[in-house]
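A closer look at the structure
Here is what each chain is made of, one letter per residue.
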Amino acid sequence: MHADPPDTLEEPPLPAAPHRWGLGIRGLLLAGFFLGFGTATVLIVISQREANRREREAFAAAQQQALEAAQQIDRMFHEAQRSAEDVVADLAQGRLPTAALEERMRAEFAARPSLDGFAVTYEPFVADPQQRLYQEYVSRKPDGNLSVLKGATYDYTATPGTGPDGPKTAWYHTPKTTGALWNEPFLATGAGKVLIEYGAPFYRQAEPSRVAGVVTVDYSLQDLRDLIGKLELGSSGYAAVFTQKGTFLAHPDPSRVVTGSIFDARPGTDDATLHGAAQKALDGEANSLDYFDPVSGQEAWVLFVPIPTTRWALGLVKWKRDAVQGPVKRLQQRIAIACAVAFALVCLVGWFVRVERGEPRPLWTVAGLFSVSCAALIGLTWWLSWSINTVHGVPVTGSTAASRQLEKYRRSLRKAEPVYEIPTGLQITAMKFPDPTSITIAGFVWQRYPAAVPEDVTRGFLLPQQIDEPGMVEEIQRIKDGADEVIVWSVVVTLQQNFDPELFPFDHREIALRLRPADLQENVVLVPDFNAYPLIAPETLPGLNADIRVNNWHFRNSYFSYQTEPAGPTLGLAARAERGPAPMLHLVIEARRNFIGPFIAYLTPALVAAGLAFALLISGRPFDSLQDLVGGLSYIAALFFVIVVAHASLRDTVAAVGITYLEHIYILLYCAIVLVVGNLFLLAYRPENRLVRFRNNLIPKLLYWPVYTLALFISTLAVFAVR
């Protein structure tokens, strides 16, 4: 039993602070305000200058990138045009007889692999007085070989028709009447594909004023797309090429190629600025503008550069994220600014309410403002950390990046041997998380085997993370695409993953799908099949169907990457022992947790328990009897039981090995409960203690939320900002 407290306890009055102390406290508060405000101002100026510098550098790099891309495309068109002009000159001067046409055109194909077709088409009876129509057309077949057409398969002299069934002969008539030009893309009747064509008339040697025929050079849309795919555009943009009429020759959305135009109006959007900038480029003036990209949903620049040879234009869309500072450093800067502002605000309010007098109302005001400021800083840290992404391996978002990694691997080889590059693609159509350490996927995997790959190289791939025995990998089709062989598999497998829930409920799952060549003997390296995807930028989720939904998760980005694994066993194969580890292809998908559910399930009980513990603290009960003390302890025990049950449920759900972020709230709550219990015992057994006597236990009440929120803010910074 404890001694009965005296009947009355006189509360010691708060000694009036000497005048100079009060002035000193007010001076410190005022100095703190100016220090915090000044620090925030300096940090904002430094941050803004850094952001402006990075934006200028990123924009200048984008301009240079657009110029180089346009020059490369223009060079390709110029070479094709020069081929046609050389043939026109030789025909007009009689240096190229009809009998030598095939040999000459074959030579042009050998010199310029980008050519898709080359034709010399004569006016009636010019090539042969006994033959009305004559044409020689050499074209490249899908397997790379050349086909030759001599004669005429239809009457190309017929007047072009405007209707869908009218003669498609504008390719011949337009150069005759208007002179040499690049035609709008069209579906070639003979070639059976959409072509970009340059046509130039040539004239009779004896009558230089009369047209003798037309020389045409073809370039396919697929070749243009392949060229753009090889441009060094990085992972944060894409290019589009359009003609004088605005018709897209290349665009990340294949459905807009040929059928869409840069001048198309989008419903609910004012595109006048965009259309004006595009027209300036077609008129020969490079320009740029700020732009919200509908393809990716990103703030971007669009840079228009003319292509002089064809009088067409290139539009390069570059997302502004390249100009943004690293997410962790940006978070640290913004949190530092916010802390300085919060410090200045607390000091100003403390100065304004005369906190130095020690009266309850000003003290409660400052304590409440401090707690709210810490809570706001915690929320700001959550929000800023949401944009932080980790990078798995070495991302390859274009053929240039992949080539760099393969070149490093080739240089590491200890002996000269061929490296077989197998373009490989993956498209996931369904996904689920059966447990916290694995993932089940369904979809398609395909591989393209070039003709240069020997038949004895084993076709196929391995999924080394597969852990379910009945998983299905079934070949569904083999297709000959020119000289290449394309094999498609249907895949339904469960794969082991290594998810780290440390940031729960703000955690993400980095799904890394590893693909290994099936051939263990030959030097085979899988490369992403970039040409199979309309856009390879991470935000567009290549390799993932847009309609996939996984409960409580949403997908942020996906990308291919290479990761070199440590040297392992040779599997008893001597060839493997002589090579270093090859880069292994991964498809990486980042999924973010929807945190609202965990907040309701786990954060709400913790905050309610913290509030109930505080309610006991401010209840004003005397706790001067054993019965009151036991009642208070029973109340705390009930709260503790609720917290323990919620905490245990959280750990079972997340299956974490270490401590997750949300558990910090529970751990701090345990500490708060222990301190509240200690305060109860002081009230019961040491009521004369100055800590509990002053203004009816005011100090513990004032410190409860400021200390709790400050501790939680510090732990939040340790988890999110210190990386």
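Owing to the predicted nature of the structure, the values given are computational and were not obtained by experimental measurement. (Residues numbered from 1 in each chain as written. Predicted model: local features only at pLDDT ≥ 70, side-chain atom pairs only at ≥ 80, totals over all residues. Heavy atoms only, no water.)

1. Some remarks on the overall build of the protein chain
Definition in use: Counting from the N terminus, the helices are DSSP H or I runs at least four residues long and the strands are E runs at least two residues long. Within these notes, the globule rule equals 2.2 Å times the number of residues to the 0.38 power, and the radius of gyration is based on C-alpha atoms. Buried, partly exposed and exposed residues are distinguished by accessible area as a fraction of the type maximum, computed with a 1.4 Å probe on protein chains only: under 20%, between the cut-offs, and over 50%, respectively. In what follows, a contact means two residues having at least one pair of non-hydrogen atoms within 4.5 Å. Every accessible area reported is derived by Shrake-Rupley at a probe size of 1.4 Å, with residue values counting cover from the shown protein chains alone. None of His or the chain ends enter the tally, which takes Lys and Arg as positive and Asp and Glu as negative. One atom stands in for each charge, and that atom is NZ of Lys, CZ of Arg, CG of Asp or CD of Glu.
Helix and strand counts for the protein chain come out as 14 helices and 22 strands. Taken over the C-alpha trace, the protein chain has a radius of gyration of 37 Å; the compact-globule value for 723 residues is 27 Å, which it surpasses by more than 25%. With the C-alpha coordinates aligned to their principal axes, the bounding extent of the protein chain is approximately 135 × 65 × 50 Å. By the burial criterion, 46% of the 723 residues in the protein chain qualify as buried. Residue pairs in contact within the protein chain that sit at least 24 positions apart in sequence constitute 66% of those at least 6 positions apart. Of the accessible surface of the protein chain, which amounts to about 35300 Å², a share of 58% is contributed by carbon and sulfur atoms. Here the protein chain holds 65 positive side-chain charges and 72 negative ones, and the gap between their average locations is 6 Å.

2. Some words on the sheet that holds strand β11 (residues 298–307)
What counts here: Strand pairing is assigned whenever DSSP identifies at least 2 bridges connecting the two strands. An axis is simply a line fitted to the C-alpha atoms; with a helix, the fit covers only the stretch in contact. Between two such axes, the angle follows the N-to-C directions and lies from 0 to 180 degrees.
Taken in spatial order, the 5 strands make up an open sheet running β9-β8-β12-β11-β10, and their pairing is antiparallel. In this open sheet, the two edge strands, each paired with only one partner strand, are β9 (248–250) and β10 (287–293). Recorded for the sheet is a direction-independent mean angle of 30° between the axes of neighbouring strands. Bridging between strand β8 (residues 237–242) and β9 involves 2 bridges; their strand directions are antiparallel. Along β9, the bridge assignment pairs Val241 with Ala250.

3. What to know about a nonpolar patch on the surface
Convention followed: Candidates for patches are residues over 30% relative accessible area with no salt bridge; among them, like charges are joined within 9 Å and nonpolar side chains (Val, Leu, Ile, Met, Phe, Trp, Tyr) within 5 Å. Counted as salt bridges are all cases of a side-chain nitrogen of Lys or Arg within 4 Å of a carboxyl oxygen of Asp or Glu.
Taken together, the side chains of Leu626, Val630, Phe681 and Tyr685 present a nonpolar region at the surface, about 340 Å² in accessible area. When contributions to the nonpolar patch are tallied by element, the ones reaching two or more residues are α11 (626–654) and α12 (661–685). Relative to the elements of secondary structure, Tyr685 occurs in helix α12.

4. Examining the sheet that holds strand β16 (residues 461–462)
Reading across from one edge, β13-β21-β22-β19-β16 is the order of the 5 strands in this open sheet, with antiparallel pairing throughout. Both edges of this open sheet fall to β13 (394–395) and β16, since each of them pairs with a single strand only. As paired strands, strand β19 (residues 508–517) and strand β22 (residues 583–593) are joined by 8 bridges and run antiparallel to one another. Across the sheet, residue Ile511 finds its bridge partner in β22, namely Ile589.

5. Quick word on the pairing of β19
Along β19, 7 of the 10 residues are buried, which leaves the element largely enclosed by surrounding structure. As paired strands, β16 and β19 are joined by 2 bridges and run antiparallel to one another. Bridge assignment links Leu462 to a residue of β19, and that residue is Arg516.

6. Examining the pattern of salt bridges
Charged atoms that come close allow side chains of opposite charge to pair. This structure, assessed with the given rule, holds 21 salt bridges. The shortest N-O distance in the salt bridge between Asp90 and Arg95 comes to 2.6 Å. Under the relative-accessibility criterion, Asp90 is labelled buried at 12%. In this structure, the salt-bridge partner of Glu108 is Arg112, at a minimum N-O distance of 2.9 Å. Residue classification places Arg112 among the buried positions, given a relative accessible area of 13%. When salt bridges with common partners are traced through the structure, they connect Asp90, Arg95, Arg104, Glu108 and Arg112 into a single cluster.

7. Concerning the side chain of Thr247
With respect to the secondary-structure elements, Thr247 resides in the loop between β8 and β9. Those residues within four positions of Thr247 in sequence are excluded, and the remaining contacts are Glu184, Pro185, Val241, Phe242, Val258, Gly260 and Ser261.

8. Quick word on helix α10 (residues 596–617)
The following threshold applies: Here, expected helix span is obtained from the residue count minus one, scaled by 1.5 Å. Two axes define the bend at a residue: one fitted to the seven residues ending there, one fitted to the seven starting there, and the bend is the angle between them.
For α10, spanning 22 residues, the distance from its first C-alpha to its last is 30 Å, which sits close to the expected 32 Å at 1.5 Å a residue. Leu603 marks the point of greatest bend in α10, at about 40°, and the proline Pro605 comes within the next four residues. For α10, the full list of buried residues reads Pro598, Phe599, Tyr602, Leu603, Ala606, Ala609, Ala610, Ala613, Phe614, Leu616 and Leu617. Lining the buried residues of α10 we find α7 (360–385), β22, α11, α12 and α14 (698–720).

9. So, the side chain of Ser373
Tracing the backbone through its elements, the reader meets Ser373 in helix α7. By relative accessible area, Ser373 is classed as buried at 12%. The contact partners of Ser373, leaving out residues within four places of it in the chain, are Ala342 and Val346.

10. Structural notes on the packing of aromatic side chains
Here the distance between the centres and the angle between the planes together describe a pair of aromatic rings. So the rule is basically this: Side-chain rings of Phe, Tyr and Trp (the six-membered ring for Trp) are treated as a pair once their centres are within 6.5 Å; stacked means planes under 30 degrees apart, edge-to-face means over 60, and tilted covers the remaining angles.
Following the criterion strictly, the structure yields 39 aromatic pairs and no others. Centre to centre, the rings of Trp386 and Phe506 are 6.4 Å apart; their planes meet at 85°, and the pair counts as edge-to-face. With Trp386 in the loop between α7 and β13 and Phe506 in the loop between β18 (484–496) and β19, this residue pair connects regions lying 120 residues apart in the sequence. Judged by relative accessible area, Phe506 falls into the buried class, the value being 3%.

11. Comments concerning the confidence of the model for the protein chain
Note the following rule: A score from 0 to 100, pLDDT tells how confident the predictor is in each residue.
On average, residues of the protein chain carry a pLDDT of 84, and 90% of them reach 70 or more. Of all helices and strands in the protein chain, the one with the weakest mean pLDDT is helix α9 (residues 574–577) (59), whereas strand β15 (residues 438–449) scores best (94). Overall, residues 1–11 carries pLDDT values under 50, and its contacts beyond four positions in sequence, including any with other chains, amount to 12 contacts.

12. Re the packing of α12 against α14
Note the cut-off: Any angle that is under 35 degrees is reported as roughly parallel, and any over 145 degrees as roughly antiparallel; angles of 65 to 115 degrees are reported as roughly perpendicular and all others as oblique. Left-handed describes a crossing in which the near helix is turned anticlockwise from the far one by less than a right angle; the clockwise case is right-handed. Here the nonpolar group is Ala, Val, Leu, Ile, Met, Phe, Trp, Tyr, Cys and Pro; Asp, Glu, Lys and Arg are the charged ones; every other residue, Gly included, is treated as polar.
α14 packs onto α12 with a crossing angle of 155° between their chain directions and a minimal axis gap of 10 Å. Between α12 and α14, the interaxial angle falls into the category roughly antiparallel. Considering how the two elements wind past one another, α12 and α14 form a crossing that is right-handed. Residues Tyr661, His664, Ile665, Leu668, Leu669, Ala672, Val676 and Asn679 of α12 pack against Pro700, Tyr704, Tyr708, Ala711, Leu712, Ser715, Thr716, Val719 and Phe720 of α14. Class assignment of the residues belonging to the contact of α12 with α14 gives a composition of 13 nonpolar, 4 polar and no charged.

13. Here we look at the nonpolar core
Using the following cut-off: To form a nonpolar core, buried Ala, Val, Leu, Ile, Met, Phe, Trp, Tyr and Cys residues must be joined to one another through side-chain atoms within 4.5 Å.
Counting residues in each nonpolar core, the largest one holds 52 residues, and the members touching the most others are Ile428, Met431, Ile511, Leu513, Phe555 and Ile589. Broken down by secondary-structure element, the contributors of at least two residues to this core are α8 (399–412), β14 (420–435), β15, β18, β19, β20 (524–528), β21 (553–564) and β22. The contacts of Ile511, once residues within four sequence positions are left out, are Met431, Phe433, Ile439, Gln497, Phe499, Phe555, Leu587, Val588, Ile589 and Ala591. By size, the runner-up hydrophobic cluster in this structure holds 49 residues, among which are Phe504, Ala606, Leu639 and Val677.

14. Overview of the packing of α10 against α12
Contact geometry of α10 with α12 gives a least axis separation of 10 Å together with a crossing angle of 15°. Taken together, α10 and α12 sit at an angle that is classed as roughly parallel. Read as a crossing pair, α10 and α12 show a hand that is left-handed. Between α10 and α12, the contacting residues are Pro598, Tyr602, Leu603, Ala606, Ala609, Ala610, Ala613, Leu616 and Leu617 on the first element and Leu662, Ile665, Tyr666, Leu669, Val676, Asn679 and Leu680 on the second. Here the residues of the contact of α10 with α12 are counted per class, giving 15 nonpolar, 1 polar and no charged.

15. So, unusual backbone geometry
Omega for the bond connecting Phe504 with Pro505 falls within 30 degrees of zero, at 10°, which places this linkage in the cis form. Take Pro505: it is sitting in the loop between β18 and β19. At Phe125, a position not held by glycine, the phi torsion is positive, near 65°. Relative to the helices and strands, Phe125 is located in the loop between β1 (117–122) and β2 (135–140). Look at Phe125 and you get partly exposed, because its relative accessible area is 45%.

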